[in-house]
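One-letter residues, chain by chain:
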Amino acid sequence: MTRIYSFHGGIHPPENKRQSLGAPIRQAPLPARLILPLQQHIGKAATPLVEVGDQVLKGQKIAEPTGHVSAAIHAPSSGIISYIGLQPVPHASGLESPCIVIETDGQEQWCELHPIENYRDLDKKELLKHIRDAGITGLGGAGFPTDIKLNLSKDHIVNTLIINAAECEPYITADDALMRERPNDILTGVEIIAHLLQPSKILIGIEDNKPNAIKALRDAIRERNLPIELVVVPTRYPSGGEKQLIQLLTSIEVPSGSIPADVGIVCQNVGTAAAIYRAVIHGEPLISRIVTLTGFALGHRQNYEALIGTPFSVLLEAADVDRSKMFRLVMGGPMMGISIEDDRIPLIKTTNCIIAATQEEMPPAPPAQPCIRCGMCEQVCPATLLPQQLYWFAKGREFEKARHHNLFDCIECGACAYVCPSNIPLVQHYRFAKSEIRNEEAEQLKAAQARERFEARQARLVREELEKEQRRKERAEAAAREQARKKAEADSVSSDTPDPEAELKKLKSAASIARTKLKKASEALKNAEEKGLDGTEKLKETVAQLEEKAAAAENAWQQATGAEQ
Amino acid sequence: MSLIHLSSPHVSKANATDRVMRLVLIATLPALIALTIFFGWGSLIQLLLACTSALAFEAVCLRMRKRPILFFLRDGSALVTAVLIALAIPPFAPWWVVVIGTFTAIVIAKHLYGGLGNNPFNPAMVAYALLLISFPAEMTQWNAPFVLIGDNWNVLASFTDSLVIIFSSINHGMIDAYTGATPLEVLKHRGGMTTEEVWRNDPVLSQGVFAWYGISAAWLMGGIFLIYRKVFTWHAPFAMITTLFVLSSLFYAGDPSNFADPFLHIGVGATMMCAFFIATDPVSGATSNKGKVIFGIGVGALIYIIRTWGSYPDAAAFAILLMNLSAPFIDHYTQPRSYGHARANRGIGGGK
Ligand code: SF4
Ligand code: SF4
């Protein structure tokens, strides 16, 4: 048995999970219109491959990834592309963003699928490409493109694979339902992930409030005799946070600013594992997901398998919504979800839950009272921060201090705000402070870049000037040499002695000119070095040359005067 | 659609600040009962007086600062301050002492600094210190616990007589018959006697000390209740009491005839009240758990030092105020180590 460790803080909010677990997963209706945001994942938005009026088949790729960190999008059902452009999307900002809209034809006609017979025989690169082509992103959290995470073994040593089945947020039961009903899909997915990453240990972390899911998974693992360890952790929010689950299962803390792979760990969600199974074994891209529809404004609180792009309104109708009772609509869980004002927005790859809450269920927060520094927030913070200090600094716009108190290690889990007796919307303050700091940084970066460009230009000008000077000098010297040669020739003929006075003067002024030049050049070099510009090598050479020359001129003059006296 | 847009989290624990304050008020009940049993109705009258005047001052301040009066009055923080002042001063001090006390606490120590949450010093202790310095006679005039005054207990046991004593300046002499020094004062002003002789000769110590122990036990009960209800953590009280105990044990072991024994130090005076109801004040104390321990150690050590070598018999108020002053500094050097960081950050930051 793997030992279970612990993380700091955490809370026990009412679970509210029971209500949506009464019935098995139900198929959501096929909507008349599917709305597919081009950005459902972290990274760059996908690039459309279709045009308005195109006929598409179910499973057909309609947008491809843009660059490395991005994900493809597929038509969830057959139909006609009716619109490509801005639509309201599920995002905290409430802004619109580019989408592809499909008018479905009800035929549900599949395109040609390419299942992989035996993935173990396939080149890993091919397999990764297949998963990338299926548009799979993390289904549990932020929606990071999965193929990138699975390719980590290339430059990281992955020794532990953690499958996140904790599902610690209240209300949400999508993963729970999936584990109860399709444990074998998940396990095959895990096998495929393990084949790609070759970890030495595979752990599934699950909270102890899902006895049925635990049993289903345990039986399936035993039956198939897989080297997977199911680790049951105590129910405590936010045990399903990636960093917290890693700490629970391994006692390792992911260093601030690093990714888990830096400490040899890769985390995947159970839903993602099931999606990989479907993509590899059945060739189906990610076009549907399981979503929990719950909240007391709904008549049927249960899990639905819904097509990506289904508008919330269609789902709410299917779940028999009572709009007069609906007071707050939340996408995601009550702790970290975002509140939605417009129910025309579509289900996306990361939507694990929709809560249609009544006023009694999620009453508006009472007005905030002053912080009494009671420290309750500090006791529950899983990142071991000092939320009350962060709040103080964020409110007072003392961002540098906030950062010194590790504001950026806040995972916005909301545990602090949950317990705060003064009802202060702490997380809102942190989000504000973070975005302000990011803006400031962007500004500073821009200014720094401009300055750098300016300085580089100055240095280039100086360098060019010096080079020009150098060339001119070389020409002058060549001419002088030529003259001297001619003169010597003439001298040898006439054997006239030159005027020693004049000669001496010439040498003297040559020496002083050489000295000034040297001084100028070394000043330029010093300047350049201080500012850390490149191109100092060349300047150095010039200076060295000038030094030699100055020394030579000096010598010549010294000798001449010495000879004179 | 008229759905509201709000930032996560969308739920919160029913855990209001007024509830916290209510729990604190409940936790002072045992001490109030103990004081009434041992010293008569005085404390109860002071308490009512303090609460009324504190609420009045609070309302006036809120009004002048243009804040919603009822909303802030409800948070109960003024009441907590008032109750602590009332229970800390001598039960039969004249009425104006407690009124000046609440005025100092609410108006000067709290609202002039920006109201709840912004006060660097504990308001009750600011008031107590000011009263002690300004009215040393009234503030040290404790009546002897009833066990020492036998039949005369009847007078103190009468509610109306108690009212008369507190509110009439003329009849104030009435109380003189029953006043006595507190154990700490007796020890402080013992002349050339050894500790042992004082214990034997002075009835306050030989018989009366149990009254004080009883009151401390009552404060302790209230404190444990609050720790159990998670209103505050054990760190500051534990550190403070342990420090006081260890220091006094060391000195007592070295020279028992000159120093008071450790049980006296933690059992009489304001030690227990201070440990659980003042040193735990989150607003003016240190923030992190480690900070709270350091804060508690500081208070404990200062109490011992001022009691033993200073000129005031009890020292809790001064010790607390001194540590309030150092709390921000302690905070900056006791940041906990955050997740994913090898070391804790130190210092203030932002200074660059
Ligand atoms: S829980 Fe709220 S009131 Fe208490 S210290 Fe934290 S922010 Fe302040
Ligand atoms: S939201 Fe941030 S500060 Fe608050 S408990 Fe979570 S990690 Fe800590």
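So, how was this worked out
Within each chain, residue numbers correspond to sequence positions counted from 1 in written order. Labels are handed out in written order, letters beginning with A for the chains and numbers beginning with 1 for the ligands. In view of the model being predicted, local features appear only for residues whose pLDDT reaches at least 70, and side-chain atom pairs are presented and counted only at 80 or more, with totals across whole chains, interfaces and linings using the full set of residues. Only hydrogens and water are removed before side-chain values are computed, so all heavy atoms of the structure are retained for them. Numbering of helices and strands starts at the N terminus; helices are DSSP runs of H or I of at least 4 residues and strands are runs of E of at least 2. Here, residues are in contact when the closest pair of their heavy atoms is within 4.5 Å. Computed with a 1.4 Å probe, the accessible areas rest on the Shrake-Rupley method; for each residue, only the protein chains presented here act as cover. Residues scored as charged are limited to Lys and Arg (positive) and Asp and Glu (negative), so that His and the chain ends carry no count. A charge is said to be at NZ when it belongs to Lys, at CZ for Arg, at CG for Asp and at CD for Glu. Note on definitions: salt bridges are taken to be side-chain nitrogens of Lys or Arg within 4 Å of carboxyl oxygens of Asp or Glu. The term polar contact refers here to a pair of N or O atoms within 3.5 Å; inside protein, the definition further demands a hydrogen-donor-capable atom paired with an acceptor-capable atom, and it admits residues adjacent in sequence only when both atoms are side-chain atoms. Any residue that is not Ala, Val, Leu, Ile, Met, Phe, Trp, Tyr, Cys, Pro, Asp, Glu, Lys or Arg is counted as polar, Gly included; the first ten are nonpolar and the last four charged. For this purpose, a residue is taken to be near a molecule or strand whenever a single non-hydrogen atom of the residue falls within 4 Å of it. Each residue's exposure class comes from its accessible area (1.4 Å probe, protein chains only) as a fraction of the maximum for that residue type: buried when under 20%, exposed when over 50%, partly exposed otherwise. Pairing between two strands is assigned when DSSP locates at least 2 bridges connecting them. All axes are obtained by fitting lines to C-alpha atoms, using only the stretch in contact for helices, and the reported angles, taken between N-to-C directions, cover 0 to 180 degrees. In these notes the angle categories are as follows: under 35 degrees is roughly parallel, over 145 is roughly antiparallel, 65 to 115 is roughly perpendicular, and the rest is oblique. Crossings are sorted by hand: turned counterclockwise from the far helix by less than a right angle, the near helix makes the crossing left-handed, and turned clockwise it makes it right-handed. We call a crossover right-handed when, viewed with both strands directed away from the observer, the connection leading from the first strand over the helix to the second proceeds clockwise. Here a pair means two rings of Phe, Tyr or Trp (six-membered ring of Trp) with centres within 6.5 Å. Their orientation is stacked below 30 degrees between planes, edge-to-face above 60, and tilted elsewhere. In a helix, the anticipated span is given by 1.5 Å times the number of residues less one. For this analysis, a nonpolar core means a set of buried residues of the types Ala, Val, Leu, Ile, Met, Phe, Trp, Tyr and Cys, connected via side-chain atoms within 4.5 Å. Throughout, the edges of the domains are those of an automatic or database domain assignment. Like charges within 9 Å and nonpolar side chains (Val, Leu, Ile, Met, Phe, Trp, Tyr) within 5 Å are joined into patches, using only residues over 30% in relative accessible area that form no salt bridge.

Novice: How should I be thinking about the overall build of chain A in this particular structure?
Specialist: Summing up its helical and strand segments, chain A has 15 helices and 17 strands in all. When its C-alpha atoms are laid out on the principal axes, chain A stretches across 120 × 65 × 50 Å. The contacts in chain A between residues at least 6 apart in sequence include a share of 75% that link residues at least 24 apart. With an accessible surface of roughly 26200 Å², chain A has 52% of that area assigned to carbon and sulfur atoms. The distance from the centre of the 68 positive side-chain charges to the centre of the 75 negative ones in chain A is 3 Å.

Novice: How should I be thinking about the interface of chain B and chain A in this particular structure?
Specialist: Where interface size is quoted, it is often the accessible area lost as the parts come together. Tallying the contact residues gives 48 residues for chain B and 62 residues for chain A. Inspection of the chain B/chain A interface yields two salt bridges. Across the chain B-chain A interface, the total number found is 19 residue pairs in polar contact (both at pLDDT 80 or more). Contributing elements (two or more residues each) for the side of chain B that touches chain A: α1 (17–27), α4 (69–73) and α19 (289–309) of chain B. Tallying contributions element by element places α1 of chain B first for the side of chain B that touches chain A, with three residues. Class assignment for the residues of the side of chain B that touches chain A results in 17 nonpolar, 22 polar and nine charged.

Novice: Quick question: what am I supposed to make of the site of ligand 2 here?
Specialist: All names here are of chain A. For ligand 2, the full set of nearby residues is C381, P382, P387, C410, I411, E412, C413, G414, A415, C416, V427 and Y430. Broken down by secondary-structure element, the contributors of at least two residues to the shell around ligand 2 are α12 (415–419) and α13 (426–494). Here the residues of the shell around ligand 2 are counted per class, giving 10 nonpolar, one polar and one charged.

Novice: So what exactly am I meant to see when it comes to the pairing of strand β14 (residues 302–307) of chain A here?
Specialist: The side chains of a regular strand alternate, residue by residue, between the two faces of the sheet. Residue and element names in this part refer to chain A. In terms of burial, β14 is a largely internal element, six of the six residues being buried. Both strand β13 (residues 288–294) and β14 contribute to a ladder of six bridges, which runs antiparallel. Opposite I290, over in β14, you have E305 as the bridge partner.

Novice: Looking at this structure, how should I read the packing of helix α4 (residues 183–197) of chain A against helix α5 (residues 211–224) of chain A?
Specialist: For any two helices packed against each other, the geometry comes down to the angle between their axes and how far apart the axes lie. Residues and elements named next belong to chain A. Where α4 meets α5, the axes come as close as 9 Å, and the angle between the chain directions of the two elements is 60°. Classed by the angle they form, the pair α4 and α5 counts as oblique. The handedness of the crossing between α4 and α5 is right-handed. Contact with α4, carried on its side by P183, N184, L187, T188 and E191, involves A216, L217, A220, I221 and R224 of α5 and no other residues of that element.

Novice: Explanation requested: the pairing of strand β10 (residues 201–207) of chain A in the structure shown.
Specialist: Residue and element names in this part refer to chain A. Most of β10 is tucked away, with six of its seven residues classed as buried. The pairing of strand β9 (residues 160–165) with β10 spans six bridges and is classified as parallel. Across the sheet, the residue bridging to I163 is I204, located in β10. Handedness of the crossover is the feature at issue here: the chain leaves β10, passes through α5, returns alongside strand β11 (residues 229–233), and the resulting connection is right-handed.

Novice: What is the right way to read the packing of aromatic side chains from this model?
Specialist: Centre-to-centre distance and the angle between the planes together describe a pair of aromatic rings. Residue and element names in this part refer to chain B. A full pass over the atoms with the stated rule returns 14 aromatic pairs over all chains. Ring geometry for W219 versus F277: centroids 5.0 Å apart, planes at 65°, classification edge-to-face. A residue pair is termed long-range when its members are at least 10 positions apart, and W219 in helix α15 (residues 209–228) and F277 in helix α18 (residues 271–278) qualify at 58 residues. Like F277, W219 is buried.

Novice: When you look at α4 of chain A in this model, what are you seeing that I'm missing?
Specialist: Residue pairs spaced three or four apart in an α-helix point in one direction, given the helix's 3.6 residues per turn. Residues and elements named next belong to chain A. Compared with an ideal rise of 1.5 Å per residue, which puts 15 residues at 21 Å, α4 spans 21 Å between its outermost C-alpha atoms and is within 8% of the ideal. For α4, the tally of buried residues reaches 13 of 15 residues, placing the bulk of the element in the interior. Backbone geometry just after α4 places Q198 at a positive phi near 50°.

Novice: Explain the nonpolar core here, please?
Specialist: Ranked by size, the top nonpolar core spans 158 residues in total, and within it L161 and I204 of chain A together with I89, W219 and V299 of chain B carry the most contacts. Summarising the domain contributions, this core has at least three residues from each of domain 1 (18–357) and domain 2 (376–482) of chain A. Those residues in contact with I89 of chain B that sit more than four places away from it in its chain are Q46, V97, V98, Y128, L131, M139 and W142 of chain B. Core analysis: the next-biggest nonpolar cluster, separate from the first, contains 36 residues, L245, I246, C267 and C381 of chain A among them.

Novice: Please clarify how the site of ligand 1 should be interpreted in this entry.
Specialist: Around ligand 1, the neighbouring residues are C371, I372, R373, C374, G375, C377, Q388, C420, P421, S422 and L426 of chain A. Here the residues of the shell around ligand 1 are counted per class, giving seven nonpolar, three polar and one charged.

Novice: What is the right way to read the sheet that holds strand β15 (residues 328–331) of chain A from this model?
Specialist: In a beta sheet, neighbouring strands pair by backbone hydrogen bonds and run either parallel or antiparallel. Residues and elements named next belong to chain A. Read from one edge of the open sheet, six strands run β1-β14-β13-β17-β15-β16, paired in mixed fashion. Strands at the two margins of the open sheet, each flanked by one partner only, are β1 (26–27) and β16 (338–340). The strands touched by helix α3 (residues 174–181) are β13 and β14; relative to β13, the strand with the most contacts, the crossing angle is about 120°.

Novice: Where do I start with a nonpolar patch on the surface in this structure?
Specialist: Residues and elements named next belong to chain B. On the surface, V246, L250, F251, I305 and W309 cluster together into a nonpolar patch covering about 490 Å² of accessible area. Of all the secondary-structure elements, those providing two or more residues to the nonpolar patch are α16 (235–254) and α19. The biggest single contributor to the nonpolar patch is α16, with three residues. With respect to the helices, strands and loops of the structure, I305 is situated in helix α19.

On their own, these measurements won't tell you what the molecule is for.
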